[in-house]
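Here's the letter readout for the chains.
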Amino acid sequence: MMFDILLPTRVLFGPGSTYRLGEEISRIGKRALVITGRRSLAESGQVERITNPLQIAKVETVWFRVDPEPTVDTVDEARRLIHEEKVDLVVGVGGGSALDVAKAAAGLAKVDTPAGTFFGAVPLNAPGLPWVAVPTTAGSGSEATKNAVLIDPERKRKASLRNEWWLPVVAVVDPILTMSQPPEVTAGTGFDALTHAVESFTSRWATPFTTALSREAVRLITQNIYTAYDTGRVRASREYMMLASLMAGIALANAGAGAVHALAHPVGVRYGIPHGVACGILLPYIVRFNLAVAHDAYADLAAASAMVPLTADKDEAARKFVVYLEKLRDKLGLPAKLSEAGLKEADITEIADEALLSQSLSANPRRVTRVDLLTILQENL
Ligand SMILES: [Fe+2]
């Protein structure tokens, strides 16, 4: 057995962990560029949970707000601010969009080339500025990954920039930040985390280290996602969702994803579908497609989640897992087909061609051809 594992340096997990943000940051620098979502932090009523500890620790802050689905130009704007304002670290507070901008802006802080020239593996052998991740959603797992998913406005493509140095120095993972999240955000981000857990579990690059994290993340999500969605302020469910998102993020960073993620990016960018919603719609289709080669793995997840007894027939258990995913998607108010979220028949060949370029496809347990992708998209019309 042989594998590499990439882990965030330091994770502070738990309700109220943001109170430690000031002391953590003041050990790294004095002046921070704080990158947040345009609305989410303010709407959550949790701004003081971020600003108070920074003030107490006398950390100077410059704020930069990003829209959902950021582009590489947004990253370049943040990099300009890093230089103009002479900050010595970056703090990302938000969902995947804010964290990914913070990650790429910090990572590219010491080079001049535009971010848009770096899609794929970024050829840098040294860290940029240190950055601190404070996720406000239980979904993206960006606090644990080396990837920044961004839109290339020229080619209208969503793809990732990645570098092994891009993990945050510290990740402060505080479930309280998700407590007042609206149900539709809980549903979308929760499905993103569930997709990370399921796809990393069946990935061709999974290792015993990652499958342990993926399996436990699936168990925690299946047991808590509906309560978090339906009764938002149940603290335990928020806490377990946040924990699962972190664990699934570490598994994703080390094992990769699969065909859901390969398709979710081109579909999301074309129709403005939130990433987690695209994942939630596609996940049952891809699991059904993979059943023939991965039934044992899905049966394992069904048993781990107490959907079936450990002794259940594997084919039957795997099929129950797909039916569970379909029912969950319906219960959480997600469309059953991509067409209900905007998919047009005229676009499916272009979407399939873009998905074929995705690195995630190579991690999928069953080989996926262009014809397979077209069939899956046809089923979604
Ligand atoms: Fe994702």
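Note: the structure precedes this text.
From a predicted model like this one, the values you see are computed outputs, not experimental measurements.

The rules behind the values
- Residues numbered from 1 in each chain as written.
- Predicted model: local features only at pLDDT ≥ 70, side-chain atom pairs only at ≥ 80, totals over all residues.
- Heavy atoms only, no water.
- Helix = DSSP H or I, 4+ residues; strand = E, 2+ residues; numbered from the N terminus.
- Rg over C-alpha atoms; globule rule 2.2 N^0.38 Å.
- Buried < 20%, exposed > 50% of the residue type's maximum accessible area, 1.4 Å probe, protein only.
- Contact = heavy atoms within 4.5 Å.
- Areas by Shrake-Rupley, 256 points an atom, 1.4 Å probe, with all protein chains shown as cover.
- Pairing = 2+ DSSP bridges.
- Axes fitted to C-alpha atoms, helices over the stretch in contact; angles between N-to-C directions.
- Patch = residues over 30% accessible without salt bridge, like charges linked within 9 Å, V, L, I, M, F, W, Y side chains within 5 Å.
- Salt bridge = Lys/Arg side-chain N within 4 Å of Asp/Glu carboxyl O.
- Core = buried A, V, L, I, M, F, W, Y, C linked by side-chain atoms within 4.5 Å.
- Domains from an automatic or database assignment.
- Expected span 1.5 Å × (residues − 1).
- Donors = N, O, S within 2.8 Å, 3.2 Å for Na, K, Ca; no water.
- Tetrahedral: all angles 85-135°; square planar, octahedral: opposite > 155°, others 65-115°.
- Phe/Tyr/Trp six-rings, centres within 6.5 Å; stacked < 30°, edge-to-face > 60°.
- Parallel < 35°, antiparallel > 145°, perpendicular 65-115°, else oblique.
- Nonpolar A, V, L, I, M, F, W, Y, C, P; charged D, E, K, R; others polar.

1. Concerning the overall build of the protein chain
Assigned secondary structure in the protein chain consists of 13 helices and 9 strands. For the protein chain, whose C-alpha radius of gyration is 20 Å, the value lies close to the compact-globule estimate of 21 Å for 381 residues. With respect to the three principal axes, the spread of C-alpha positions in the protein chain is 60 × 45 × 45 Å. Counting every position in the protein chain, which comprises 381 residues, the buried fraction comes to 59%. Considering only intrachain contacts with a sequence separation of at least 6, the fraction spanning at least 24 residues in the protein chain is 80%. When the accessible surface of the protein chain is totalled, it reaches about 15,600 Å², and 52% of it is carbon and sulfur.

2. Let's talk about the sheet that holds strand E6 (residues 131-135)
Here 6 strands make up an open sheet; going across it, the order is E1-E9-E6-E4-E2-E3 and the pairing parallel. The open sheet has two edge strands with one neighbour each: strand E1 (11-13) and strand E3 (60-66). Each neighbouring strand pair of the sheet contributes to a mean axis angle of 15 degrees, computed without reference to strand direction. Inspection of the sheet shows strand E2 (residues 31-37) paired to strand E4 (residues 89-94) by 5 bridges, in the parallel sense. From the neighbouring strand, Thr-36 faces E4, where its bridge partner is Val-93. Most of the contacts of helix H1 (residues 21-28) go to E6, to which it runs at about 160 degrees, and overall it touches E1, E4, E6 and strand E9 (170-173).

3. Points about a nonpolar patch on the surface
A contiguous nonpolar patch, built from Met-1, Phe-3, Leu-7 and Phe-209 and spanning about 440 Å² of accessible area, is present on the exposed surface. Mapped onto the elements of the fold, Leu-7 is located in the segment before E1. Assessed through its relative accessible area of 42%, Leu-7 is described here as partly exposed.

4. Structural notes on the nonpolar core
Side chains of a nonpolar character, in soluble globular proteins, are inclined to be buried together. Membership of the largest hydrophobic core comes to 107 residues, with the highest contact counts inside it found for Leu-33, Ile-35, Leu-194, Val-198, Leu-263, Tyr-298 and Phe-321. Of the residues forming this core, the biggest block, 18 residues, is contributed by helix H10 (residues 275-304). Taken together, domain 1 (11-177) and domain 2 (182-379) each give at least three residues to this core, which thus spans both. Non-local contacts of Ile-35, meaning those with residues more than four positions away in its chain, are made with Phe-64, Val-66, Ala-78, Val-90, Val-91, Gly-92, Val-93, Ala-98, Val-101 and Ala-102. Leu-41, Leu-89, Val-93 and Val-170 belong to the second-largest nonpolar core, a separate cluster that totals 17 residues.

5. Observations regarding helix H9 (residues 259-271)
Taking 1.5 Å as the rise per residue, H9 with 13 residues should run 18 Å; its terminal C-alpha atoms sit 19 Å apart, in good agreement. When you tally the buried positions in H9, you get 11 out of 13 residues, the bulk of the element. Those residues of H9 lying buried are Ala-259, Val-260, His-261, Ala-262, Leu-263, Ala-264, His-265, Pro-266, Val-267, Gly-268 and Tyr-271. In this structure, the buried side of H9 is in contact with strand E7 (147-152), strand E8 (157-162), helix H6 (183-202), H10, helix H12 (348-356) and helix H13 (370-379). Looking one or two residues beyond H9, the residue adopting positive phi is Gly-272, at roughly 65 degrees.

6. Some thoughts on the pattern of salt bridges
Tallied over the full model, the rule gives 18 salt bridges. As a salt-bridge pair, Glu-216 and Arg-219 come within 2.8 Å of each other at their nearest N and O atoms. In this pair, Glu-216 and Arg-219 are both assigned in helix H7 (residues 208-230), 3 residues apart and thus about one turn of the helix distant. Since its relative accessible area comes to 26%, Glu-216 is described here as partly exposed. Assessed through its relative accessible area of 27%, Arg-219 is described here as partly exposed. Each of the salt bridges in this network shares a partner with another, and the network as a whole consists of Arg-10, Glu-24 and Arg-27.

7. Quick word on the coordination of the iron ion
In the first shell of the iron ion, the protein supplies Asp-192 (OD), His-196 (NE2), His-261 (NE2) and His-275 (NE2), at 2.1 to 2.2 Å from the metal. Of note is the iron ion, whose 4 donor atoms meet at the metal with angles of 81 to 168 degrees in an arrangement that counts as irregular. Mapped onto the sequence, the donors of the iron ion take the spacing D-x3-H-x64-H-x13-H. With a gap of 14 residues between them, His-261 in helix H9 and His-275 in helix H10 connect regions that are remote in the sequence. Comparing His-261 with His-275 shows no difference in burial state: the two are buried.

8. As for the packing of aromatic side chains
In total, this model carries 2 aromatic pairs according to the counting rule given. Ring geometry for Tyr-226 versus Tyr-229: centroids 6.0 Å apart, planes at 45 degrees, classification tilted. Placement of the pair is Tyr-226 and Tyr-229 together in helix H7, with a separation of 3 residues, close to one helical turn. In this structure Tyr-226 comes out as partly exposed when scored by relative accessible area, which is 31%.

9. Brief notes about the packing of H6 against H9
In contact at an axis separation of 9 Å, H6 and H9 are set at 140 degrees when each is read in the N-to-C sense. By the angle between their directions, the pair H6 and H9 is classed as oblique. Facing Asp-192, Thr-195, His-196 and Glu-199 of H6, the residues of H9 in contact are Ala-259, Val-260 and His-261. Partitioned by chemical class, the residues of the contact of H6 with H9 number 2 nonpolar, 3 polar and 2 charged.

Fair warning: the whole summary comes from geometry, so function is off the table for now.
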